[in-house]
Amino acid sequence: MAADIKMLFCIGFAVVLTGVGKSAFIGKSHSKGKGDVVLQYVVNNSMREHAVLTKLRLRTLEDEWNRMMVAIEQAQLMAILMKLINATKAIEIGMYTGYNALSMALAMPENGHVVACEIEEIYVDIAKPFFKEAGVENKINVQLQIAMKTLNELIANGEAGTYDFVFIDADKSNYDGYYEKSLELIRKGGIIAIDNVLWSGKVVNPAPNDLTSQALDALNKKLHKDQRIDLSMLTVGDGLTIAIKR
């Protein structure tokens, strides 16, 4: 990856997203960060949300599990990163209602392709009409099965080292496995983005009975030492790690 993009990671995003003068962790703008005036200022003065993304976001907010939706400010950040590396092949592990899959598809050129992994058909049914309305249904290949099966199939089909971007946002207990498969599928200079790495702050000294926080904490520590990648952990959303394959 070009030196100027690495500089952007290390300085630009870290300064903007970390905040000044108080705890940097706020949460997602549509959930825990809803009442934070600084975060809402950021959203009001930086979001350029496609009209269909807005419709999908509003539909998703009707779902009782809407806190699972990616933060819109995070989705826009990842779309920018995809444009910076000229991404044409991406994987989303944990699609939910498709907000970020749609955002990624919109960020890519006409030959772009997103493999979107989801296990709940109800969410796929919500997502597909919005993909069609946005004119990107041909770019998004929804895989309605466990994500590990899809990742193994992609590797078996000879696609290792061909993907530009992977977003991991599914069951936390399998994050380590998803990461290893993603590292195999991603090209050199490609990006793996990992969501929920702060887990509402519970990764700091996780409770003995909190297996999810323990798993995320272990992965965070593993990535910190992993010489196969360059990385930056950001406080955007519920915590986002950006890992670049060396």
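Look up: the structure comes first, before these words.
A. How the structure looks around unusual backbone geometry. We note that Trp199 has phi near 50°; this positive angle belongs to a residue other than glycine. Take Trp199: it is sitting in the loop between β5 (186-195) and α9 (211-225). Residue class for Trp199 comes out partly exposed when judged on its relative accessible area of 23%. In this model, Asn205 sits at a positive phi of 50°, which is unusual for a non-glycine residue.

B. Summary view of the sheet that holds strand β1 (residues 89-93). An order of β3-β2-β1-β4-β5-β7-β6 is seen for the seven strands of this open sheet, with the pairing classed as mixed. In the strand order of this sheet, the two ends are held by β3 (140-144) and β6 (229-234), each with one partner. Averaged over all adjacent pairs, the angle separating strand axes in this sheet is 15°, with direction ignored. By the bridge criterion, five bridges tie β1 to strand β2 (residues 113-118) in an arrangement that is parallel. The residue bridging Ala90 from the neighbouring strand is Val114, located in β2. Against the sheet, helix α5 (residues 99-107) engages β1, β2, β3 and β4 (163-168), with an angle of about 175° to β1. Where α9 meets the sheet, its contacts fall on β5, β6 and β7 (240-245), and the angle it forms with β6 comes to roughly 135°.

C. The nonpolar core, seen in detail. Core analysis: the largest hydrophobic core is formed by 45 residues, its most contacted members being Met95, Tyr99, Leu102, Phe131, Ile140, Phe165 and Leu240. Residue contacts for Leu240: discarding those within four places in its chain leaves Gln74, Leu77, Met78, Phe167, Ala193, Ile194, Asp195, Val197, Ser232, Met233 and Leu234.

Definitions and cut-offs
Residues numbered from 1 in each chain as written. Predicted model: local features only at pLDDT ≥ 70, side-chain atom pairs only at ≥ 80, totals over all residues. Heavy atoms only, no water. Helix = DSSP H or I, 4+ residues; strand = E, 2+ residues; numbered from the N terminus. Buried < 20%, exposed > 50% of the residue type's maximum accessible area, 1.4 Å probe, protein only. Pairing = 2+ DSSP bridges. Axes fitted to C-alpha atoms, helices over the stretch in contact; angles between N-to-C directions. Contact = heavy atoms within 4.5 Å. Core = buried A, V, L, I, M, F, W, Y, C linked by side-chain atoms within 4.5 Å.

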